[in-house]
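# An overview of the molecular structure
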Amino acid sequence: PQVIKPSDVQNATGAVATYNGALGRLRTSLNGGDVNTESIWNFAGLLSDEFKVSDTFAQRIDADQRNTQNADAVVSTLYSKVQQSRGYARDAINLLTAYSPTEKTKIAEMYMVMGFMEMTLGQDFCNGIPLGETVHRLPHQRFTPVFVGELPIDAPARLVDEADRQHQRRQPGD
């Protein structure tokens, strides 16, 4: 095996390979990757009392007691994995759009991954995390491009539009 250079994936095969890699990053960011790596869902569950600690691992005990350190290696790793998953999805979107534009389902799935990772960052870390290109967009706008245009299924976009209409009708204080 050799090192894969960015120029090696500048084609349709490379776009699909990047897509597959992005799916792998999604899995490892959510599930921890192996038997000895923390999962973002488990860690958030400890912090929110959805789960209770039952071992002697210091970082889990700290999370369960809401006493997580600023430089906690477990939390830093979890944050990095979520951000990396988001970045790999963006790379896959760019490559698929450029080299395999007919792969609309794969492009849609990568938009879903990006949106899901952005919501995970907001939920588990802070809703004020700067997200670069999406920092000025509403959360649902990350999902909307997936379901409009030439894609055959637009029901989710209609649901988002209806939710927007309902939200706009609400009066302050409702």
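Not measured: the values here are computed from a predicted model.

## Some words on the overall build of the protein
When helices and strands are counted, the protein shows six helices and zero strands. Starting at the N terminus and ending at the C terminus, the protein contains elements arranged as α-α-α-α-α-α. Across the 174 residues that make up the protein, the buried fraction comes to 33%. When contacts within the protein are restricted to residue pairs at least 6 apart in sequence, those whose partners lie at least 24 apart make up 57%. Approximately 11100 Å² of the protein is accessible, and the part contributed by carbon and sulfur atoms is 54%.

## What to know about the nonpolar core
Among the nonpolar cores identified, the biggest contains 28 residues, and Phe43, Leu96, Met110, Val113 and Met117 are the most heavily contacted of them. Elements with a minimum of two residues in this core: helix H1 (12–31), helix H2 (40–47), helix H4 (73–99) and helix H5 (104–124). With nine residues, H4 is the largest single contributor of residues to this core. Those residues in contact with Phe43 that sit more than four places away from it in its chain are Glu38, Gln59, Ala63, Val74, Val75 and Leu78.

## Comments concerning the side chain of Asp72
When you line up the elements, Asp72 lands in the loop between helix H3 (58–64) and H4. Buried within the structure, Asp72 lacks any salt-bridge partner; its nearest side chain of opposite charge belongs to Arg60, at an N-O separation of 10 Å. Looking at Asp72, its side chain comes within polar contact range of the main-chain nitrogen of Val74, at 2.8 Å.

Here is what the cut-offs are and how they apply
Residues numbered from 1 in each chain as written. Predicted model: local features only at pLDDT ≥ 70, side-chain atom pairs only at ≥ 80, totals over all residues. Heavy atoms only, no water. Helix = DSSP H or I, 4+ residues; strand = E, 2+ residues; numbered from the N terminus. Buried < 20%, exposed > 50% of the residue type's maximum accessible area, 1.4 Å probe, protein only. Contact = heavy atoms within 4.5 Å. Areas by Shrake-Rupley, 256 points an atom, 1.4 Å probe, with all protein chains shown as cover. Core = buried A, V, L, I, M, F, W, Y, C linked by side-chain atoms within 4.5 Å. Lys, Arg positive; Asp, Glu negative; His and termini not counted. Salt bridge = Lys/Arg side-chain N within 4 Å of Asp/Glu carboxyl O. Polar contact = N/O pair within 3.5 Å; in protein donor to acceptor, adjacent residues only side chain to side chain.

By themselves, these are just geometric observations and shouldn't be taken as functional.
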